[in-house]
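Single-letter residue listing:
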Amino acid sequence: MEAFALLLAATFNAGTVLAIAALGLLINERAGIVNLGAEGMMLVAAIAGFATAVHTGNDWLAFGAGAAAGALLAAAFGVLVIWLNTNQYATGLALSLFGAGFSAFAGITYTQEKLSERAHFEIPGLADIPFLGPAMFRQHPMVYLVVLLTIAIAWFLYRSRAGLVLRAVGESPESAHALGYPVRRIRLAAVMTGGALCGVAGAYLSVVYTPLWVEGMVAGKGWIALALTTFATWRPARVLLGAYLFGGVTMLQFHLQGEGVQISSQFLTMLPYVATIVVLVLISRNANFIKVNMPASIGKPFFPGS
């Protein structure tokens, strides 16, 4: 039971990275923009957050630096695809490649750096409950904040006027523009918000989840976060559940190795990506289900006045 509690705790920790990034990408896509540069943004934010943590010793400043780095890259992406009408998919891939190269260059001097001793978090009273305490109530505060973030985004999208406008822009930007809404600025705000959340996810990865800097340490999590938005059919609560599912699959490989299960380590390492492919294949079998839930104008450029 103790081993299972630790596995569950690790699942929440791993799922938090995916959930934050996927929630950011969900906001992008709800506004009609597909950003394939999540991997690159997370890598740049990871080194920005790690460098800030090394020099300040403050995790929250590191998260702020990661958010700023992600938002800056997302703003550049937004200007290119929203105002200059470059192809969203090609620009996103270019951003991902840029992020991988830039983070490797900027992180050279931080490869051997170590963070100060990590603070130990626990909720008084609840942390001592057998099984539940080690599994759920000894986590970094960001693990709990991501649950609140999911609730806040769900409320914003489905209970607020601003959320309704954002969804309208993703469904029919022409209609939103005809009603007088600044479609391009709304899309840019959504893209920058999504980039900031991807940045927080990258900083969490290098400051809390690992915590260290290694070139390419995001290791495909940005792509899994992208797949999560489709898996969750663009619903915040489903994104959170999906993130924990994929986080559990990721942690399962280490648990099985620790238990001495005689399975190739390479096979265990590929489990999260196999799970991603299997889930997407199963969902794609019902094209109508995807079409009903998918923003109608996702990935489509918008030209005011045309």
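Residues numbered from 1 in each chain as written. Predicted model: local features only at pLDDT ≥ 70, side-chain atom pairs only at ≥ 80, totals over all residues. Heavy atoms only, no water.

Our focus in this paragraph is the packing of aromatic side chains. Counting across every chain of the model gives seven aromatic pairs. Plain terms: the ring middles of Phe50 and Tyr110 are 6.5 Å apart, the flat faces sit at 85° to each other, and that makes the pair edge-to-face. Of the two residues, Phe50 is situated in helix α2 (residues 38-56) and Tyr110 in the loop between α4 (88-106) and α5 (132-136); the sequence distance between them amounts to 60 residues. Residue Phe50 is classed as buried on the basis of its relative accessible area, which comes to 0%. Connected via pairs of aromatic rings, a cluster forms that spans Trp60, Phe63 and Tyr204. (Phe/Tyr/Trp six-rings, centres within 6.5 Å; stacked < 30°, edge-to-face > 60°. Helix = DSSP H or I, 4+ residues; strand = E, 2+ residues; numbered from the N terminus. Buried < 20%, exposed > 50% of the residue type's maximum accessible area, 1.4 Å probe, protein only.)

Considering all chains together, one arrives at one cavity of 30 Å³ or more under this definition. Of the voids in this model, the largest cavity is the one considered here, and its volume is about 60 Å³. Every residue lining the largest cavity is listed: Ile33, Val81, Ile82, Asn85, Gln88, Val183, Arg184, Arg187, Lys300, Pro301 and Phe302. Of all the secondary-structure elements, those providing two or more residues to the lining of the largest cavity are α3 (59-83) and α9 (183-209). The leading source of residues in the lining of the largest cavity is α9, at three residues. Taken together, the residues of the lining of the largest cavity break down into six nonpolar, two polar and three charged. (1 Å grid on protein atoms, 1.4 Å probe; cavity = no way out; pocket = protein on both sides within 12 Å on 5 of 7 lines; lining within 4 Å. Points joined across faces, edges and corners; volume = space filled by probe spheres on them. Nonpolar A, V, L, I, M, F, W, Y, C, P; charged D, E, K, R; others polar.)

Among the nonpolar cores identified, the biggest contains 90 residues, and Tyr204 and Trp213 are the most heavily contacted of them. Tallying contributions element by element places α9 first for this core, with 16 residues. Dropping the residues within four chain positions of it, Tyr204 is found in contact with Asn13, Thr16, Val17, Phe63, His140, Met142, Val143 and Tyr209. (Core = buried A, V, L, I, M, F, W, Y, C linked by side-chain atoms within 4.5 Å. Contact = heavy atoms within 4.5 Å.)

Approximately 320 Å³ is the volume found for the largest pocket. Around the largest pocket, the lining is made up of 18 residues, and of these Arg118, Ala119, Phe121, His140 and Val208 lie nearest the centre. Mapped onto the lining of the largest pocket, the elements with two or more residues apiece are α3 and α9. Per-element accounting of the lining of the largest pocket gives the leading share, four residues, to α9. Its residues assigned to classes, the lining of the largest pocket shows nine nonpolar, six polar and three charged.

What follows concerns the confidence of the model for the protein. Of all residues in the protein, 96% attain a pLDDT of 70 or more, and the chain-wide mean is 90. The spread of mean pLDDT over the elements of the protein runs between helix α12 (residues 265-269), the lowest at 71, and α3, the highest at 97. (pLDDT = per-residue confidence, 0-100.)

What follows covers unusual backbone geometry. Each neighbour pair has its own omega, and for Thr210 with Pro211 the value is -25°, a cis peptide bond. Along the chain, Pro211 turns up in the loop between α9 and α10 (221-231). Residue Thr233 is not a glycine yet carries a positive backbone phi of 50°. As for its position among the elements, Thr233 is in the loop between α10 and α11 (236-258).

Attention now goes to the environment of Thr233. For Thr233, a relative accessible area of 1% corresponds to the buried category. Sequence separation between Thr233 and Ile290 is 57 residues; the distance between their C-alpha atoms is 6.7 Å.

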